[in-house]
Amino acid sequence: MARVIFYEKPGCKNGTRQKVLLTAAGHEVVAYSLLTEPWTVERLRSFFGDRPVAEWFNRSAPKVKSGEVVPENTNEETALLLMLKEPLLIRRPLIEVGDHREVGFDVEKLDAWIGLKPVDESFKEMSESLMNQDLQGCAHGNGHHHHNQQGGCNHH
């Protein structure tokens, strides 16, 4: 079982589902707000590994949806500076276990890394159901637009 440092947007439905899945697998989840964390360029960069810059971005962020920020046309340095200024642009969650860091919630990758199998039979059905859902994007589904100033997920 791992101690999982989990940077999220508080109140995001998919973040809640992701934490449930990790907890059901016996991991200790320590959640922090991605929006209020005092990021540095170096620390933030360490979560992205060798992924292309376009995969660092939260596709649900208002500035990405509006076309103001185009991840495919953004270089590494600019992406990091934009994200420090506006953390909503960072793809979520950022996950840290020991000295290994990842971005996003790729069920297969996480299962191979720390294990997502439920530790208790009573969690089995719920965990299997969650693992079959798209836990990467915004839980509001395609076509949903955020109308609040904060952007991203909000309470409904």
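In what follows, the structure referred to is the one given above.
Residues numbered from 1 in each chain as written. Predicted model: local features only at pLDDT ≥ 70, side-chain atom pairs only at ≥ 80, totals over all residues. Heavy atoms only, no water.

1. Focus: the overall build of the chain
- When you go through the chain residue by residue, the secondary structure sums to 6 helices and 4 strands.
- Along the chain, helices and strands appear, N-terminal first, in the series β-α-β-α-α-α-β-β-α-α.
- In the chain, which comprises 156 residues, the share counted as buried stands at 46%.
- Restricting the contact set of the chain to residue pairs at least 6 apart, pairs at least 24 apart contribute 67%. (Helix = DSSP H or I, 4+ residues; strand = E, 2+ residues; numbered from the N terminus. Buried < 20%, exposed > 50% of the residue type's maximum accessible area, 1.4 Å probe, protein only. Contact = heavy atoms within 4.5 Å.)

2. Things to note about the pattern of salt bridges
- Counted by the stated rule, this structure contains 13 salt bridges.
- When the shortest N-O distance is used, the salt bridge between R43 and E37 registers 3.1 Å.
- The class of E37 is buried, set by a relative accessible area of 18%.
- Through salt bridges that share partners, R51, E55, E102 and K109 make up one connected network. (Salt bridge = Lys/Arg side-chain N within 4 Å of Asp/Glu carboxyl O.)

3. Things to note about the environment of N132
- By secondary structure assignment, the location of N132 is in the segment after α6 (124–131).
- Between the C-alpha atoms of N132 and V107, which are 25 residues apart in sequence, the distance is 8.8 Å.
- Only 3.0 Å separates the side chain of N132 from the backbone oxygen of E128, close enough to count as a polar contact. (Polar contact = N/O pair within 3.5 Å; in protein donor to acceptor, adjacent residues only side chain to side chain.)

4. Examining the pairing of strand β1 (residues 3–8)
- Of all the 6 residues making up β1, 5 are buried; the element is thus mostly covered by neighbouring parts of the structure.
- One ladder, built from 6 bridges, connects β1 with strand β2 (residues 28–33); its direction is parallel. In the sheet register, R3 faces β2, and the bridge partner there is E28.
- Handedness of the crossover joining β1 and β2 through helix α1 (residues 13–24): right-handed. (Pairing = 2+ DSSP bridges. Right-handed = clockwise from strand over helix to strand, strands pointing away.)

5. Comments concerning the sheet that holds β1
- With respect to topology, 4 strands assemble into an open sheet ordered β2-β1-β3-β4, the strand pairing being mixed. The outermost strands of the open sheet, each flanked by one partner alone, are β2 and β4 (100–103). Mean inter-strand twist for the sheet, computed between neighbouring axes without regard to direction, equals 20 degrees.
- Two strands pair when backbone bridges link them, and strand β3 (residues 94–97) and β4 are joined in this way by 4 bridges, in the antiparallel orientation. (Axes fitted to C-alpha atoms, helices over the stretch in contact; angles between N-to-C directions.)

6. Some details on the packing of α1 against α6
- Between α1 and α6, the least distance of the axes is 10 Å, while the angle of their chain directions is 135 degrees. The angle between α1 and α6 places the two elements in the oblique class. Crossing of α1 against α6: the hand is left-handed. Contacts from R17, V20, L21 and A24 of α1 reach α6 at M126, S127, L130 and M131.
- Here the contact of α1 with α6 is composed, by residue class, of 6 nonpolar, 1 polar and 1 charged. (Parallel < 35°, antiparallel > 145°, perpendicular 65-115°, else oblique. Left-handed = near helix turned anticlockwise from the far one by under 90°. Nonpolar A, V, L, I, M, F, W, Y, C, P; charged D, E, K, R; others polar.)

7. Observations concerning the environment of L110
- By secondary structure assignment, the location of L110 is in helix α5 (residues 107–113).
- L110 gets classed as buried once you look at its relative accessible area, which sits at 2%.
- When the C-alpha atoms of L110 and I95 are compared, they prove to be 9.7 Å apart, with 15 residues separating the residues in sequence.
- Excluding its chain neighbours within four sequence positions, the residues that come into contact with L110 are I95, F105, G115 and L116.

8. Comments concerning α6
- Listed as buried for α6 are S127, L130 and M131. Each buried residue of α6 lies within a common arc of 95 degrees when the element is viewed along its axis, so the set occupies one face.
- Looking at the buried side of α6, the elements it contacts are α1 and α5. (Arc of directions from axis to C-beta.)

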